[in-house]
Amino acid sequence: MSELFDAVDALVASRSPLPPPAERRRLRQAHALTLDEVAAALGVRRATVGGWESGKSEPRPPEREAYARLLKQLAALYPAPQSSGAPQEGTGTAAPAAQAGPTGGAAEATATAEAEEPQAAPPAPVRHASATQRPVPRAEQAPHSSRRPAARKAAPADTPAPGGAYAHGPLLVLDADTERQVTGYGVGGLILDVPAKSLPALVEWTLTEARLGSQKLHGSGKDSDALLVLTEAACERYGLPTALSEAERLAGRLPEGHKVIKQLERADWQLTKRGLGPWARIYRPAHGSRRQCVQLCIPSWRALDDRSWGHAAQLPPPELARVLGVYAARVMTPVGSTAVTGLQLMTALNPPTRASEPDADGRRHREHRPGSLSTEPVDPAPCEAIDGHPVLARLPRFHVRGPGERLFEEAYDWARDMTDTECMQRYLVGLDVNLAFGAAANGAVVGLASPPVHVAEPVFDPAVPGSWLVDLSHVDLSRVKVAKQWRDLDGGLLPSPFTPTGQRPEGPAWYATPTVAYAVELGYDVAPLEAWVRRESGRFLDGWYKRLRDAYVATMADLGVAEKLPPGEFLKAMDGYKSRDPELGIVVDAVKMTVKGGIGKLQEKARGGGWKPGQAWPALARPTWRPDIRATVISRARINMHRKMLALAAATGRYPVAVLSDCAVYAADGPSPLDVLPYGADGKTVPGSFRLGVSPGMVKHEGTQSVLWGADVLERLGADGHVANLARYIKTGEVTAKDTGE
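As the structure is a prediction and not an experimental result, all values here were calculated from the model.

The rules behind each value
Residues numbered from 1 in each chain as written. Predicted model: local features only at pLDDT ≥ 70, side-chain atom pairs only at ≥ 80, totals over all residues. Heavy atoms only, no water. Helix = DSSP H or I, 4+ residues; strand = E, 2+ residues; numbered from the N terminus. Buried < 20%, exposed > 50% of the residue type's maximum accessible area, 1.4 Å probe, protein only. Contact = heavy atoms within 4.5 Å. Areas by Shrake-Rupley, 256 points an atom, 1.4 Å probe, with all protein chains shown as cover. Pairing = 2+ DSSP bridges. Axes fitted to C-alpha atoms, helices over the stretch in contact; angles between N-to-C directions.

### Quick notes on the overall build of the protein chain
1) Next: Scanning the protein chain from N- to C-terminus turns up 20 helices and 24 strands.
2) Next: Burial status across the protein chain gives 50% buried among its 742 residues.
3) Next: Sequence separation of 24 or more characterises 70% of the internal contacts of the protein chain that already satisfy a separation of 6 or more.
4) Next: Split by element, the accessible area of the protein chain, about 34,200 Å² in all, is 52% carbon and sulfur.

See the structure below:
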């Protein structure tokens, strides 16, 4: 009888029900299993499992029962979407797939195709992790010496699932396995199978099936193009080198004759002027309103600069997708370095044109948007132009312009020797201003689309943006107005607010409007000799600031540092905040570098060989090449810093020992910022001075060192009357090179 029972069991096992092939693949990828892992568990070849998932073959006993058991357990963990549209086994055709919305559970998706050239077919159903799901602890990872991760897994899912035309989000990180099969990792833990077998086919697939991109940030702007990030393994799969040669690195691109570029040309794809480099754009001319453009980012070609992105280039694909996805959602889809992205964000949020009202024929036309920049570049005033600019071509060769010829608004780099009283204190405490240049951009009135106008002997107007030739050497910091009240201070212990070196100016010099306005605020009259002013003005950067401010504050909140914390709680929350989620720590640094880099790009200098002074360089063709806007922001940042130091000095008698850009160093009896800032029991401090907090313009603890350390650094690095800037080393205390002022 037992033999009959065994025969019946074998007969049932030979017909164990299985889900359809597409569902088998979905379940495997939902659990982040590779074909090799499933094949090893069942004792079959990898190609056999691949055949089961593609529908080319069916499992037989004894593997069928074990395979059915595996899929049943996975189905309990990862139930299919309600409107999956998946066909039942044996029906032959699938019902139309409905777009899946956010669901709980693991985050993944599949999209398969057999042919190299993708067809415009409805994409496979997709499941996303819940927007409220927190990242689960990652399994212990193997050392990242291999280009290919030992096992694929879904990314931590804390990014809201997108929908609509861009249901799969703004980007994919592509990786290839040992069998040359490509997988795309997206935001929210998304996983896609990528069928394309060449770079032209990949671009086609991205535009027709991948459903990648992001919505425009302004009603008159443009949607962001899809971004594909290629790992080293993906580069090899698509015929690209894993690293650039020295010549290619210096050129910033592959040579025009490279085989992959030839493939793109044969498929009628074009590259922008920067070619196929670390950041590349592959496109076809737009037809009507339909854009056909895909961006590539290749980290192994140094696309992700470690100064901005830390160790992001070394992250496994799912984690890299998470980092870039959070940045894309909160800032914008990267279009290059953080500096390039910061500059592009300005026009994405404040585009130069809009659709006009219908004319007599009912047609709309493109017209200038009030409050934005022009679509054409605007020449700077001669004093605003940097050396070598075409507007200065008349100057003699090797002519060095002084303060009376050139606007020189830069961040602070000032230091002084410590007083005897300060040497008797125990600590040096550094205070760092959050997003200093971002806070300075907020509310800044700048010139817009019109060129500057020269005015002789003008009357100064603080509401008019421009550059002013004026003598501010009479402003005496020993007696100034603080909060509209005259105060006597030790002016020799404060840097001048009018120069980046902190030295008192000598004679007339060019200044941006905020600098001259601050002299008036301090209680002194000004009499400009001449000016270049911009009559058309506005707060062009307000939206840019708000976007980056929100990105920074939201990411810091995710790291446990919320707004409006009491001072003590804020300092406690800041202690080791990046270690709570290193990937979000990368995003925070990238946001900060987007602010600094975006402002810096407003005055991009000539780069590369072959350029001669007096000749135009490519950056000058941009409407956003605006050194006057950069000067206004940096002027406001320096003035904001001085205003806070002045208020603190007037209230407490404390003076900075060193100032470097957005960091000020003070001597104190204790190691905490609370030993510098006079907070009361009510949690309030000196009005107008430094306040601890996470918001832009508030300060955090940069670092603390001993006064003995400071005295040693000053002695070691001081020479020829130069005083080393202790703010440069206060964070870690390490002095790795001579202080050159760079």
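### Observations concerning the pairing of strand E19 (residues 508–512)
1) Next: The buried fraction of E19 is high, at 4 of 5 residues.
2) Next: Looking at chain direction, strand E16 (residues 466–471) and E19 are connected through 5 bridges and run antiparallel. Note that in E19 the partner of tryptophan 468 across the bridge is tyrosine 511.

### Notes on the sheet that holds strand E15 (residues 453–456)
1) Next: Taken in spatial order, the 4 strands make up an open sheet running E15-E20-E16-E19, and their pairing is antiparallel. For this open sheet the edge positions go to E15 and E19, each flanked by a neighbour on one side alone. This sheet shows a mean twist of 20° between the axes of neighbouring strands, independent of strand direction.
2) Next: Here E16 runs beside strand E20 (residues 530–533); their pairing, made up of 4 bridges, is antiparallel. Opposite glycine 466, over in E20, you have valine 533 as the bridge partner.
3) Next: Its contacts with the sheet place helix H15 (residues 513–521) against E16 and E19, and it is angled at close to 110° to E19.

### Brief notes about helix H6 (residues 199–208)
1) Next: Burial analysis of H6 places 7 of its 10 residues in the buried class, which makes it a mostly covered element.
2) Next: Considered for burial, the residues of H6 that qualify are Leu199, Pro200, Ala201, Leu202, Val203, Trp205 and Thr206.

### Topic: the pairing of strand E3 (residues 171–176)
1) Next: Where burial is concerned, most of E3 is hidden: 6 out of the 6 residues are buried.
2) Next: Residues Leu171, Val173 and Asp175 point to one face of E3 and Leu172, Leu174 and Ala176 to the other, with burial holding for every one of them.
3) Next: Bridge analysis of E3 against strand E6 (residues 226–230) gives 4 bridges, and the strand direction is parallel. By the bridge assignment for E6, leucine 172 is matched with leucine 228.
4) Next: Pairing geometry for E3 and strand E4 (residues 182–185), over 4 bridges, is antiparallel. Bridged to leucine 174 within E4 is glycine 184.
5) Next: If you look at the hairpin formed by E3 and E4, you'll find 5 residues sitting between the two strands, and arginine 180 has a positive phi there, around 65°.

Keep in mind these numbers describe shape, not what the thing actually does.
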